[in-house]
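So you can see what is in the structure, the chains are spelled out below.
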Amino acid sequence: MSIKENLHKIQVSIPENITLVVVTKTQPVEKIMEAYDAGYTIFGENKVQEMLNKYESLPKDIQWHLIGHLQTNKVKHIASFVSLIQSVDSLKLLQEINKHALKNNRVINCLLQIHIAKEEAKFGFDFNEAQQLIDSEDLKKLLNIRIIGLMGMSTNTDNQEQVIREFKSLKRFYDEHKQLSTFNFQLLTLSMGMSADYDIAIAEGSTMIRVGSSVFGERGKIPA
Ligand SMILES: *Cc1c(COP(=O)(O)O)cnc(C)c1O
C-alpha cells in the first residue's frame, strides 16, 4: 500500500477529533512529501538536526512537533519555528525553551512528557515530579511557554492489560489537572498512542496520536 493509502486507512479508523501526528523521523523528504501531498501537515521528528534539515527543505505550512529528548543546548536551533515540543522532561529545559521563545518574540507550546512505561530508557517526569513543576513558583515566571497537555509512551509489550493500565494512569493525571487554567498552563491535549497501540490509547482518552511505521512501513526496512 502507498503512504497515501496507509494514511487514509488510519484516518478513517479514528474519530475525527483525534489529531494525527505523522512521525517522519528517518524518512527522506520525498516520502514526507507524499504525506504532505495527501493533505497532512503535522509532522513529528525526534532529532533536532533532522527536523531542522527537513524544515529548511519542505513547505513552510508544515507544523513540526518535536517528540524526542531535547538537550538544552539545542533549543536555539528550533525555537523560531517549532510548533509543539511534546518531550519537555525538566524545568531546566522549560526555562531554556522560554528564553529562546522570548528571543524569537513568540510563545512556544509544550507538552510535559510523563514516564508511564516500565522501561528505564524512556524519558519523562514521574507523576510526583510533574506535580511539583505544576505547583512551582518557577513555572509562573515563564511568560513565553504554554503547557497545553501531556505526552506519554506505553511499555513496548504484547501485554495489553499493562498498556491499558499505563494509559489509564496518564488519563487520570490529565483529568485531575483539567480544571487548572493559568496563562501558561491548560491541559487540552493528551498525546498517547503510536502505531502499535493507538487504538488502545484512543479508547483510553487520547486526543493526539503519533504514528510512523503504520504510515511509512517499518523504519530501516526496504519496502516490498
Ligand atoms: C518513533 C516515535 C513514534 C512513532 O512510532 P511508530 O511505532 O513508528 O508509530 C511515536 N512517538 C515517539 C515519541 C517516537 O519516538
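Use the structure listed above.
Residues numbered from 1 in each chain as written. Predicted model: local features only at pLDDT ≥ 70, side-chain atom pairs only at ≥ 80, totals over all residues. Heavy atoms only, no water.

**Re the site of the ligand**
Worth spelling out the cut-off: Each residue is tested against the molecule or strand, and it is near if at least one of its non-hydrogen atoms lies within 4 Å. Polar contact is defined as a pair of N or O atoms within 3.5 Å, subject to the rule that within protein one atom must be able to donate a hydrogen and the other to accept it, and that residues adjacent in sequence are counted only when both atoms are side-chain atoms. Accessibility throughout is a Shrake-Rupley quantity obtained with a 1.4 Å probe, and a residue counts as covered only by protein chains that appear here. Within this scheme a cavity is a closed region of a 1 Å grid, computed over the protein atoms alone, that accommodates a 1.4 Å probe without allowing it to escape, whereas a pocket is open but has protein on both sides within 12 Å along at least five of seven lines; lining residues each have an atom within 4 Å of a point. To qualify as sitting in a cavity or pocket, a molecule needs more than half of its atoms within 2 Å of the grid points. Each residue is assigned to one class: nonpolar for Ala, Val, Leu, Ile, Met, Phe, Trp, Tyr, Cys and Pro, charged for Asp, Glu, Lys and Arg, and polar for all the others, Gly among them.
Around the ligand sit Val 23, Lys 25, Ile 67, Met 153, Met 194, Ser 195, Arg 210, Val 211, Gly 212, Ser 213 and Arg 219, and that is every residue in its neighbourhood. Here an oxygen atom of the ligand and a backbone polar atom of Ser 213 are 2.8 Å apart. Its free accessible area being 380 Å², the ligand has 91% of it covered by the protein chains. Here the ligand is seated within the largest pocket. For the shell around the ligand, the per-class residue count stands at five nonpolar, three polar and three charged.

**Topic: the packing of aromatic side chains**
Each aromatic ring pair is summarised here by two numbers: the centre-to-centre distance and the angle between the ring planes. The criterion, for reference: For Phe, Tyr and Trp, rings pair up if their centres lie within 6.5 Å, where Trp contributes its six-membered ring, and each pair is then called stacked (planes under 30 degrees apart), edge-to-face (over 60) or tilted (otherwise). Comment: elements are numbered from the N terminus, with helices defined as DSSP H or I runs of at least four residues and strands as E runs of at least two. For every residue, the accessible area obtained with a 1.4 Å probe (protein chains only) is divided by the maximum for its type, and the residue is called buried under 20%, exposed over 50%, and partly exposed between those limits. Throughout this description, the term charge over a ring refers to an Arg CZ or Lys NZ atom that lies within 6 Å of the ring centre and within 35 degrees of the ring normal.
Summed over all chains, the structure comprises three aromatic pairs. Each ring, one from Tyr 55 and one from Phe 81, has its centre 3.8 Å from the other, and the planes form 10°; the classification is stacked. Of this pair, Tyr 55 sits in helix 3 (residues 48–57) while Phe 81 sits in the loop between helix 4 (75–78) and strand 4 (84–88), placing them 26 residues apart in sequence. Judged by its relative accessible area of 22%, Tyr 55 falls in the partly exposed class. Taking the centre distance of 5.0 Å and the plane angle of 35° together, the rings of Phe 127 and Phe 173 count as tilted. Pair noted here: Phe 127 is in helix 6 (residues 127–135) and Phe 173 is in helix 8 (residues 160–176), with a separation of 46 residues, a long-range link. When its relative accessible area of 26% is taken as the criterion, Phe 127 is described as partly exposed. Its end group placed over the ring of Tyr 55, Lys 60 keeps NZ or CZ at 4.8 Å from the ring centre.

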